[in-house]
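Observations on the model geometry
Residue strings, one per chain:
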Amino acid sequence: MIYFKNYITACILAGSLFACSSMDHTYRDFWKDGELIYPAPVDSVKVFPGKNRIGFEWQILADPNIVSAKMYWNNKNDSMIFPIETNGQDYVAGVMLENLKEATYAFTIYTYDVDGNRSIPREATGKAYGKTYENSLLPRIVKDAYYENNFLTVVWGDPVDTTSYGSELTYATTENDLHTIQIAADADTVRINNYNNESGTIEYRTAFVPTPMALDTFYTIPREVKVKGPIMELPRTGWTVAASSWDTRYPTNNANPRTPEMVLDGITTTRWVNEISPIQTDYPHWIAIDMKTSADLYGIVMHGGDVNETPSLIVIRTSEDGTEWTSRGSYSVKRMNGYQYFEFSESQYARHIKVECITPSQAGNKNVSIYEIGAYTRK
């Protein structure tokens, strides 16, 4: 057994010597010009996209022989050399490529030592943004802007997307200076106490950062917004009214009539009620007002009352001739003992106003009542 083990060991040693000899023969041709030397490559490459530019940051571990780095892009048709002085210490480089066309680029980076030896490559990808990207950006919507009680109130729509970090709002101050403030991307309403209402407008643009690593901020084209002035209720002298029906159980000489004229009498304890007896009419119920002269209408003011017959949903229409009507939108009505203002999305010159009660009342029945109706413009 001992002789057998020695024999096996001898065979293994002989095979190893033969293998080493064969390997040496195989790689001898690669050593004939000397050993290949590879400088330390760049490491931890970070890419920072920008406006027609791309920035880079990378590290080079301590290698006293490295003297430069070279970057290639556009299939190696373009390149740039960057001098490096490591002084035998770890080295962090910041590099900027300017004047790039808007595109996505693939980069290859090498380091070189004093003898011209080149490191293994490092790859990176980066994007330069430009006008095409900027022109595709959509600003955040301003839903409303109005001046009341010495305050400018700006109501914002939903945020555009996650790459938007906010908007810039510029306005004229009471000192007649232009002032710009930053508006957070999730801000719903902004109130400003030094707005000069004589200017009548504001201007804003929305800011975007395409990626968290981006170098530059991109902006939408500035938009001008007209600011609505304070509410001015229109005088109701001479107005006339008509309705789909009314409660005839209470004649006009009664102490509590329910005719359409009640919405114009200025008394918040009298009201118009649809016909209930002998016929209880179905929805919709409507009441229409002729203001006799046209006005730049911004909305209506209505007292619906705190009763079961208070409307739950209304459609407001306007007309110049009382025949062709334009919808100004549908509005939910609160059951409350007070006035409510229903603002149109945009102002409209009109002479006639119609309020249609299109769904069951607050109590869910077929009846409806309205105490007062008015209209307003803005300065």
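The structure presented is a predicted model; accordingly, all values stated were derived computationally and were not measured.

**Section: the nonpolar core**
Among the nonpolar cores identified, the biggest contains 29 residues, and Ile 287, Met 291, Leu 297, Ile 314 and Ile 370 are the most heavily contacted of them. Secondary-structure elements contributing two or more residues to this core are strand S17 (240–243), strand S19 (285–305), strand S20 (313–319), strand S22 (336–357) and strand S24 (372–378). Core analysis: the second largest hydrophobic core is formed by 22 residues, Ala 40, Val 42, Phe 56 and Tyr 105 among them.

**Some thoughts on the sheet that holds strand S9 (residues 151–156)**
Strand order across the open sheet formed by 3 strands is S8-S9-S12, with antiparallel pairing between neighbours. Each end of this open sheet is capped by a strand with a single partner; those strands are strand S8 (142–148) and strand S12 (189–192). Put simply, the sheet's adjacent strands are angled 15 degrees from each other on average, direction ignored.

**Concerning the layout of surface pockets**
One number sums up the size of the largest pocket: a volume of about 180 Å³. Elements with a contribution of two residues or more to the lining of the largest pocket: S8, strand S15 (223–226) and S22. Considering each element in turn, the lining of the largest pocket owes the most residues, 4 residues, to S8. Across the lining of the largest pocket, the residue classes break down as 4 nonpolar, 2 polar and 5 charged.

Cut-offs used in this document
- Residues numbered from 1 in each chain as written.
- Predicted model: local features only at pLDDT ≥ 70, side-chain atom pairs only at ≥ 80, totals over all residues.
- Heavy atoms only, no water.
- Core = buried A, V, L, I, M, F, W, Y, C linked by side-chain atoms within 4.5 Å.
- Buried < 20%, exposed > 50% of the residue type's maximum accessible area, 1.4 Å probe, protein only.
- Helix = DSSP H or I, 4+ residues; strand = E, 2+ residues; numbered from the N terminus.
- Pairing = 2+ DSSP bridges.
- Axes fitted to C-alpha atoms, helices over the stretch in contact; angles between N-to-C directions.
- 1 Å grid on protein atoms, 1.4 Å probe; cavity = no way out; pocket = protein on both sides within 12 Å on 5 of 7 lines; lining within 4 Å.
- Points joined across faces, edges and corners; volume = space filled by probe spheres on them.
- Nonpolar A, V, L, I, M, F, W, Y, C, P; charged D, E, K, R; others polar.

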